[in-house]
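# Analysis of the macromolecular model
One-letter residues, chain by chain:
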Amino acid sequence: MKTKIMNYFKNLIQSIRNKFNDPVVNMRRSRKIQAFAMASVRTILLAGLCFVILFPTIQQILQALRAPQDVNNPAVIWIPETWSVMNIKIAAMVLDYKAALFNTAKLSFISMFLQIASTALAGYAFSRLKFKGSNILFILVILTIIVPPQALSLAQYFYFRDFRIGFLEWFGIDTRLLGKEGAIYLMSGLGMGIRSGIFIYIFRSFFKGLPKELEESAIIDGASVFRTFWSVMLPNARGALVTVGLFAFVWQWNDAYYVKIFEVSTAEFPLLTMRLLNAAEGMYASLFYTGALNLIGQDVWANPVFLSLISNVSALLMMLPLLIMYLFVQKSFVESIERTGIVG
Amino acid sequence: MKKNKMTTTPIEKQENRKKYLVSYKKEKLIMSIVFLLPWLFGLAFLFVIPLFRSFRYSFFNLTPQSGQILEEFIGFDNYLYAINTHVTTTSSFKVELLTTTFDVAINLPVLLIFSLFIAVMLNMKFKGRAIVRAIFFVPVILNSAAVATALGSGDAINAILEQSGIGTIFDLEFYLLQTGMAPFLITFITGLIDRIYDILALAGVPILLFLASIQSIPKHLYEAAKIEGATGYEMFWLITLPNVTPHIITVTVFALVDTFLTSPVSRIISDELNVQHWGLSSAMAWIYVGTIVVLLLIIGGIAKLLKIGESHYEN
């Protein structure tokens, strides 16, 4: 009886030992362990980083949804005690939200299209229509990336201040550019807008990466240069178009520098960034002038935390449309990376 | 019609073809200029001339006076003032320039390694990859100076936390000090962790560029390596990394310019511009450009020494 049990265990141990000595099984096992370890490390890391990215936004949303009185309640940290949209209403008043949102969206859309047009043409010329000296010109593109806007904006400011189109002026049409959105459109349309150099660079490497056969077959079919560009190359460059379009839109939306220098944001033409900056610098004054103070009690607005809370909510209101838009384009944006070729 | 077709000899056909190609080349040249025209206009009027003007301004003391600007030549005084005597309420141009330069020297390698690492991870196949990728580019979208000011002016989150008596829950610095690590390393690490969100925001575009370059690596290399029994680790070092290196220069240049553009130096220059110290801000902008060019030359030199940026397969 005893020996039987002993034998049984001996066999069992032997078979386990055999399993561990088998190189094929060993290999497979170590591969499996490796893959599992890799997957778990990756999951933990990516989940953590995603949390770091999303955490501030989630927190802001929760803050936006609490009632103003909750500021004086030390027990409320994460979840609001009373849910309300009062904070959002106040922030919207401070930002002049409806008008500012419309203007910012309009400005960003038009300048995005102008940026895409000018930089795609230039990028195509640099990659596919090479001529003597085009490489030297491309060095200038790199230079436009390196030189900060501050070095240029003073002279640009004087340009726009003195800019007139004489014969239109005679007809009583105002052609001044300073203090008008036109200044931004002109910059974008001439390929000198926000980081246009980088967009030209992206388009150039993208067009460079497209197969030569595409162009050759278009020539054989008798297409002109423009036709080749418009109906053959451009539809194939959707990835670059999406990437550049997204960046151009977002950077214009977030831009506070050019808008400030060229005095684009005015009382009649409010823009989100400038309204937000002004509000953040003097929150009490903006609450006072927009009449938002009447909506809440003194015990609330006397609390400095409330003022910074409203500036937080205002920032959220500015970013929210971008986030919602990104939700819709994110799929084609991520896919556009998949299609290779942002880098040549 | 038939006769015509019969009479075209092969030689004539070739000549026709040549003629066509020559005319196509001509069209290409003309069209290239047409395509570049908007950009050339912009380059001339919105870049080259302003650049020269600002170079000239940097040697002048400019004072605005009823409709015109008084110019007074003062030589290198603006440059000397910017470097030697300029101060703001909390800092100075020189200090910020030096810190940004050192920041670049230390943070750029970290940023490159981090973004390459993340790009490699995002390139792997796993569930929910599309969502994770989408999330990683959110900081790029939310990266705005205006939002940063609005959040920084009064950090409501911290204020609320302090009000309720919740400080740091996990004091990393304390634990690291207990392990007997060198203090400067600890400040470096905790500094990195504190700025993880900023790093993620800066890393967005580099990750994008790296991801695109990883995806342009031919797949058959990995297939061959797998058949030969290479591990993922080996494949990274022997296939991914050598193929990505040519693009490291692009990413570095972008990250460098981006860091400078979002640095306090850039903010000081625009502040000076706004208070109408035009000559001074021009001089500062030129010092800034000079610093970036020097850094780029150094990076270019290092890249040449280490043979980064040359194609892996050409030799």
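Residues numbered from 1 in each chain as written. Chains lettered and ligands numbered in written order. Predicted model: local features only at pLDDT ≥ 70, side-chain atom pairs only at ≥ 80, totals over all residues.

We now examine the overall build of chain B. Along the backbone of chain B there are 15 helices and two strands. Relative to its full complement of 315 residues, chain B shows a buried share of 30%. At a minimum sequence separation of 6, the contacts of chain B that also span at least 24 residues come to 71%. (Helix = DSSP H or I, 4+ residues; strand = E, 2+ residues; numbered from the N terminus. Buried ≥ 20, exposed ≤ 12 C-beta atoms within 10 Å, placed from the backbone. Contact = placed C-beta atoms within 7 Å.)

This part takes up the overall build of chain A. Looking only at helices and strands, one finds 17 helices and zero strands in chain A. Here chain A has a C-alpha radius of gyration of 30 Å; the compact-globule value for 344 residues is 20 Å, and the former is much larger. With respect to the three principal axes, the spread of C-alpha positions in chain A is 115 × 75 × 35 Å. Burial status across chain A gives 41% buried among its 344 residues. By sequence separation, contacts in chain A at least 24 residues apart represent 75% of the contacts at least 6 residues apart. (Rg over C-alpha atoms; globule rule 2.2 N^0.38 Å.)

A few words now on the nonpolar core. One finds A:Tyr124, A:Phe203, A:Leu276, A:Ile310, B:Phe210, B:Met284 and B:Tyr288 to be the most contacted residues of the largest nonpolar core, which totals 147 residues. Residue contributions to this core peak at 14 residues, all from helix 17 (residues 304–338) of chain A. Ignoring sequence-local partners within four residues, the contact set of A:Tyr124 consists of A:Leu129, A:Phe203, A:Phe207, A:Phe229, A:Met233 and B:Phe35. (Core = buried A, V, L, I, M, F, W, Y, C linked by C-beta atoms within 7 Å.)

Turning our attention to the interface of chain A and chain B. Note on interface size: it is often stated as the accessible area lost on association of the parts. Across the boundary between the two partners, chain A contributes 71 residues, which contact 76 residues of chain B. With 17 residues, the top contributor of residues to the side of chain A that touches chain B is helix 17 of chain A. Residues of the side of chain A that touches chain B, tallied by class, amount to 50 nonpolar, 19 polar and two charged. (Nonpolar A, V, L, I, M, F, W, Y, C, P; charged D, E, K, R; others polar.)

All names here are of chain A. Domain annotation of chain A identifies domain 1 (2–64) and domain 2 (94–338). Using C-alpha coordinates to define each centre, domain 1 is positioned 48 Å away from domain 2. Of the residues lining the interface, four residues belong to domain 1; the matching set on domain 2 comes to four residues. Class assignment for the residues of the side of domain 1 that touches domain 2 results in two nonpolar, two polar and no charged. (Domains from an automatic or database assignment.)

This part takes up the pairing of strand 2 (residues 68–73) of chain B. Residues and elements named next belong to chain B. Counting buried residues in strand 2 gives zero out of six residues, a small share hidden from the surface. Pairing between strand 1 (residues 60–65) and strand 2: six bridges, direction antiparallel. Bridge pairing links Gln65 to Gln68 in strand 2. (Pairing = 2+ DSSP bridges.)

Glycine aside, residues mostly have negative phi, and peptide bonds are mostly found in the trans state. Residue and element names in this part refer to chain A. The residue Arg195 is not glycine, and still its phi comes out positive at about 50°. Inspection of the secondary structure assignment puts Arg195 in the loop between helix 8 (182–189) and helix 9 (196–209). Overall, Arg195 belongs to the buried group, with 20 C-beta atoms counted inside 10 Å. Residue Glu263 is not a glycine yet carries a positive backbone phi of 55°. Mapped onto the elements, Glu263 comes out in the loop between helix 13 (257–261) and helix 14 (272–281). Given 15 C-beta atoms within a 10 Å radius, Glu263 is considered partly exposed.

Before going further, it helps to spend a moment on the packing of helix 6 (residues 149–162) of chain A against helix 15 (residues 278–306) of chain B. At a closest axis distance of 8 Å, the pairing of helix 6 of chain A and helix 15 of chain B adopts a crossing angle of 145°. Judged by the twist between their axes, the crossing of helix 6 of chain A over helix 15 of chain B is left-handed. Residue-level inspection shows A:Gln150, A:Ala151 and A:Leu154 of helix 6 of chain A in contact with helix 15 of chain B, the latter providing B:Trp278, B:Ser281, B:Ser282, B:Ala285, B:Trp286 and B:Val289. Residues that form the contact of helix 6 of chain A with helix 15 of chain B fall into these classes: six nonpolar, three polar and no charged. (Axes fitted to C-alpha atoms, helices over the stretch in contact; angles between N-to-C directions. Left-handed = near helix turned anticlockwise from the far one by under 90°.)

Residues and elements named next belong to chain A. Residue placement: Leu107 occurs in helix 4 (residues 97–128). For Leu107, a count of 23 C-beta atoms within 10 Å translates into the label buried. Residues Leu107 and Leu272 lie 165 residues apart in sequence; the distance between their C-alpha atoms is 11 Å. Other than its neighbours up to four places away in sequence, Leu107 contacts Glu181, Ile184, Gln252 and Leu271.

Here B:Ala134 lies in helix 5 (residues 129–136). Along the sequence, B:Ala134 and B:Glu27 sit 107 residues apart, while their C-alpha atoms lie 43 Å from each other. Dropping the residues within four chain positions of it, B:Ala134 is found in contact with A:Gln330 and A:Val334.

Here we take up the confidence of the model for chain A. When pLDDT is averaged along chain A, the result is 82, and 94% of the positions lie at 70 or above. Mean pLDDT values for the elements of chain A range from 64 in helix 7 (residues 166–170) of chain A up to 92 in helix 4 of chain A. (pLDDT = per-residue confidence, 0-100.)

Below, the discussion takes up helix 14 (residues 264–274) of chain B. Taken together, the buried positions of helix 14 of chain B are B:Val265, B:Ser266, B:Ile268, B:Ile269, B:Ser270, B:Glu272 and B:Leu273. Buried residues along helix 14 of chain B sit against helix 6 and helix 13 of chain A together with helix 4 (93–123), helix 13 (232–261) and helix 15 of chain B. Directly after helix 14 of chain B, the chain includes B:Gln276, whose backbone phi takes a positive value near 65°.

All names here are of chain A. At a minimum axis distance of 10 Å, the contact between helix 9 and helix 12 (residues 238–254) shows a crossing angle of 175°. On the basis of their axis angle, the class for helix 9 and helix 12 is roughly antiparallel. Here helix 9 contributes Phe199, Ile202, Phe203 and Phe206 to the contact with helix 12, which in turn contributes Gly239, Ala240, Thr243, Val244 and Ala248. Its residues assigned to classes, the contact of helix 9 with helix 12 shows seven nonpolar, two polar and no charged. (Parallel < 35°, antiparallel > 145°, perpendicular 65-115°, else oblique.)

It helps to recall that an α-helix has 3.6 residues per turn; residues three or four apart then point in one direction. Over its 20 residues, helix 1 (residues 2–21) of chain A runs 28 Å from end to end, which matches the ideal 28 Å to within 8%, given 1.5 Å per residue. Burial within helix 1 of chain A is sparse, with just zero of its 20 residues counted as buried. (Expected span 1.5 Å × (residues − 1).)

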